[in-house]
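# Chains, contacts and geometry: an overview
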Amino acid sequence: MGATVTTAATKETTWGGGNEPLKVSYGKMMMWYFILSDSLTFCGFLVGYGFTRYKFMDTWPIADEVFNHFPFLHGVDAPMYYVALMTFILIFSSVTMVLAVDAGHQMKKNKVAVYMFMTIIGGLVFLGSQAWEWKNFISGTYGAVETRGGSILQFVGEDGKQIALADFAKVDPNRDEATLTRAKGTWFVKGTEATTYSIAEVKAGFEANPNVRIRTQLTTDTKHKEILTREESVKRLEDAVLVVEGANLIRNEYGHKTFADFFFFITGFHGFHVFTGILINVVIFFNVLLGTYQRRGTYEMVEKGGLYWHFVDLVWVFVFTFFYLV
């Protein structure tokens, strides 16, 4: 009774692709597996963000008021303009990656190199833009105060528009003399980072400016933050215990604390993926210049790098939609 031996050379069908399931190479298949697993990770993050935002919908910051900066246009209200530009740059880099893959199919080394270089530049510009967004988010624009209960109180002028603490806070000239620093004391206990203004200076400035009112973190039916009357503002300010400038993992001037946590975690995690994709593309780019793939007779590595880069772009579309637009 004879035995049948199946070897790698046997022309049997495995999922219709012989020794390459679905007619896809091992490398491409593993890249798809990674993309699938990483997609589930991002889905978990975005679903968690969605549930948290829904739970704290009434106190969630308004994205148009938080992400309203644009380079070299200080003081100009440009809601979402720069984020939209970042998104366009990243999507355009995905287009150049497609062109690089197509040039690889045609075995055109120089064109592959040019399009790969453009893709890398697009990724670097996006990553730099994201770092700039982080800088503005962390430093803040207006400043606010936090109450004993953890609520964030912002300040508006007579026209109802938000104003900065610097516009009304009354600076104590003796504050620097009373502040203990490493240079002024023989001992120093490190605590929270000192703010530009103390809570006493903010309260003093508020009392001296009768046109200033408080805007709470509660959202009204008109999709705007609740603005209190002057009398209500005076009572509410009595509960203020500290000044908040910018944002960190503990508190933020924009509203609910969890908003900053999700911003740093989700955009940071995506930024790490972009950084990794840039490194991969740089390695592929130099291999293209060295003629490695030309000698192999295939530019499949460019395709695998392209799959990862398209995945990073697609994830950003969802992050942009969930975090900035919705």
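Residues numbered from 1 in each chain as written. Predicted model: local features only at pLDDT ≥ 70, side-chain atom pairs only at ≥ 80, totals over all residues. Heavy atoms only, no water.

### Section: the overall build of the protein
The helix and strand inventory of the protein stands at 10 helices and five strands. Expressed as a percentage of its 326 residues, the buried residues of the protein come to 40%. If you take every contact in the protein between residues at least 6 apart in sequence, the share linking residues at least 24 apart comes to 69%. Surface accessibility of the protein: about 18,600 Å² in total, with carbon and sulfur atoms responsible for 63%. (Helix = DSSP H or I, 4+ residues; strand = E, 2+ residues; numbered from the N terminus. Buried < 20%, exposed > 50% of the residue type's maximum accessible area, 1.4 Å probe, protein only. Contact = heavy atoms within 4.5 Å. Areas by Shrake-Rupley, 256 points an atom, 1.4 Å probe, with all protein chains shown as cover.)

### With respect to the side chain of Lys 225
One can find Lys 225 in strand S4 (residues 225-227). Buried charged residue Lys 225 carries no salt bridge. Nearest counter-charge: Glu 65, at 6.5 Å. Reaching out from Lys 225, the side chain makes a polar contact with the backbone oxygen of Trp 60 at a distance of 2.7 Å. A polar side-chain atom of Lys 225 sits 2.8 Å from the main-chain carbonyl oxygen of Gln 217. Excluding its chain neighbours within four sequence positions, the residues that come into contact with Lys 225 are Asp 58, Thr 59, Trp 60, Pro 61, Ile 62, Glu 65, Arg 215, Thr 216, Gln 217, Leu 218, Thr 219 and Thr 220. (Lys, Arg positive; Asp, Glu negative; His and termini not counted. Salt bridge = Lys/Arg side-chain N within 4 Å of Asp/Glu carboxyl O. Polar contact = N/O pair within 3.5 Å; in protein donor to acceptor, adjacent residues only side chain to side chain.)

### Details of the sheet that holds strand S2 (residues 152-156)
Ordered by their spatial adjacency, five strands build an open sheet running S4-S3-S2-S1-S5, and the pairing between neighbours is antiparallel. This sheet does not close on itself; its edge strands, each paired only once, are S4 and strand S5 (240-244). Along the sheet, successive strands turn relative to each other by an average axial angle of 40 degrees, direction set aside. With two bridges joining them, strand S1 (residues 144-147) and S2 adopt antiparallel strand pairing. Paired with Glu 146 across the bridge in S2 is Ile 152. Contacting S1, S2, strand S3 (213-219) and S5, helix H6 (residues 199-208) runs over the sheet at an angle of about 100 degrees to S5. (Pairing = 2+ DSSP bridges. Axes fitted to C-alpha atoms, helices over the stretch in contact; angles between N-to-C directions.)

### What to know about the packing of helix H8 (residues 257-290) against helix H10 (residues 300-325)
One can describe the packing of H8 onto H10 by two numbers: an axis separation of 10 Å at closest approach and a directional angle of 160 degrees. Looking at the two axes, H8 sits roughly antiparallel to H10. In this structure, H8 meets H10 at a crossing whose hand is left-handed. Class assignment for the residues of the contact of H8 with H10 results in 20 nonpolar, seven polar and no charged. (Parallel < 35°, antiparallel > 145°, perpendicular 65-115°, else oblique. Left-handed = near helix turned anticlockwise from the far one by under 90°. Nonpolar A, V, L, I, M, F, W, Y, C, P; charged D, E, K, R; others polar.)

### Some words on the environment of Val 112
Relative to the elements of secondary structure, Val 112 occurs in helix H4 (residues 109-139). For Val 112, a relative accessible area of 0% translates into the label buried. Put simply, Val 112 and Val 98 are 14 residues apart on the chain and 9.9 Å apart in space, counted from C-alpha to C-alpha.

### Comments concerning the packing of helix H1 (residues 26-55) against H8
Pairs of packed helices are described in terms of their axes, by the angle between the two and the distance that separates them. Between H1 and H8, the least distance of the axes is 11 Å, while the angle of their chain directions is 165 degrees. Between H1 and H8, the angle falls in the class roughly antiparallel. The element H1 and its partner H8 pack so that their crossing is left-handed. Contact residues: Asp 38, Thr 41, Phe 42, Phe 45, Leu 46, Gly 48, Tyr 49 and Thr 52 in H1; Thr 258, Phe 262, Phe 265, Ile 266, Phe 269, His 270 and His 273 in H8. Partitioning the contact of H1 with H8 into residue classes produces eight nonpolar, six polar and one charged.

### A look at the UniProt feature "transmembrane region" (unreviewed entry) in the protein
The sites that UniProt annotates as "transmembrane region" (unreviewed entry) are residues 31-51, 80-100, 112-132, 262-286 and 307-325. Helix makes up 100% of residues 112-132 and strand makes up 0%, while its end C-alpha atoms are separated by 30 Å. Helix makes up 100% of residues 262-286 and strand 0%, with an end-to-end C-alpha separation of 36 Å. (UniProt positions renumbered as here; feature names shortened; annotations may be inferred.)

### Examining helix H3 (residues 81-105)
In this model, H3 (25 residues) spans 37 Å end to end at C-alpha, consistent with the 36 Å of a helix rising 1.5 Å per residue. Once H3 finishes, Met 107 follows within two positions and takes phi at roughly 60 degrees, a positive value. (Expected span 1.5 Å × (residues − 1).)

### A closer look at the nonpolar core
Of all hydrophobic cores here, the largest spans 50 residues; its most connected members are Phe 67, Phe 137, Val 302, Trp 316, Phe 323 and Tyr 324. Where this core is concerned, the elements lending two or more residues are H1, helix H2 (63-66), H3, H4, H8 and H10. Apart from the residues lying within four places of it in its own chain, the contact partners of Phe 67 are Ala 78, Pro 79, Met 80, Val 83, Glu 133, Phe 137, Phe 259, Phe 263, Phe 323 and Tyr 324. Of all hydrophobic cores here, the second largest spans 16 residues; its members include Phe 155, Leu 165, Leu 228 and Leu 237. (Core = buried A, V, L, I, M, F, W, Y, C linked by side-chain atoms within 4.5 Å.)

### Quick look at unusual backbone geometry
Phi at Phe 72 is positive, roughly 65 degrees, even though this residue is not glycine. Along the polypeptide, Phe 72 turns up in the loop between H2 and H3. Of note in this structure, Met 107 is not a glycine but carries a positive phi near 60 degrees. Mapped onto the secondary structure, Met 107 falls in the loop between H3 and H4. With relative accessibility at 29%, the residue Met 107 sits in the partly exposed group.

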